[in-house]
Amino acid sequence: MPKKSAAIIERMQEQIDLLKKKSEIQTMIIRDLRKENMRLQKKFILYFEAMDAISDTSDEWMSTDDDSD
């Protein structure tokens, strides 16, 4: 009986170790995804700020053209 118990405990410890490794990998993936998300959010904001600036500039040009008519 003690041999069976020792084998069961050993298998359980192996499973615990595997779960810990899995958790560490998941944590690394989540961290990487968060970094990528932040990077994409910054690009998104810069894109729309640029589009807004272009829109404002084109509005100014159009109003200037209207005034010269």
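See the structure printed just above.
Described below are features of the structure shown in this document. All values derive from a computational prediction rather than experimental measurement. (Residues numbered from 1 in each chain as written. Predicted model: local features only at pLDDT ≥ 70, side-chain atom pairs only at ≥ 80, totals over all residues. Heavy atoms only, no water.)

What about the overall build of the protein?
- Of regular secondary structure, the protein possesses 1 helix and 0 strands.
- Taking all 69 residues of the protein together, 0% fall into the buried category.
- When the accessible surface of the protein is totalled, it reaches about 6900 Å², and 62% of it is carbon and sulfur. (Helix = DSSP H or I, 4+ residues; strand = E, 2+ residues; numbered from the N terminus. Buried < 20%, exposed > 50% of the residue type's maximum accessible area, 1.4 Å probe, protein only. Areas by Shrake-Rupley, 256 points an atom, 1.4 Å probe, with all protein chains shown as cover.)

Re a nonpolar patch on the surface
- On the surface, Phe 44, Ile 45, Tyr 47, Phe 48, Met 51 and Ile 54 cluster together to form a nonpolar patch covering roughly 640 Å² of accessible area.
- As for its position among the elements, Phe 44 is in helix H1 (residues 2–68).
- For Phe 44, a relative accessible area of 53% puts it in the exposed group. (Patch = residues over 30% accessible without salt bridge, like charges linked within 9 Å, V, L, I, M, F, W, Y side chains within 5 Å. Salt bridge = Lys/Arg side-chain N within 4 Å of Asp/Glu carboxyl O.)

Focus: the pattern of salt bridges
- Per the counting criterion, the structure on display carries 1 salt bridge.
- Note that Arg 39 is salt-bridged to Glu 36, the shortest N-O span being 2.5 Å. With Arg 39 and Glu 36 both in helix H1 and 3 residues apart, the pair spans about one turn of that helix.
- You can call Arg 39 partly exposed: its relative accessible area is 39%.
- Given the relative accessible area of 35%, Glu 36 is considered partly exposed.

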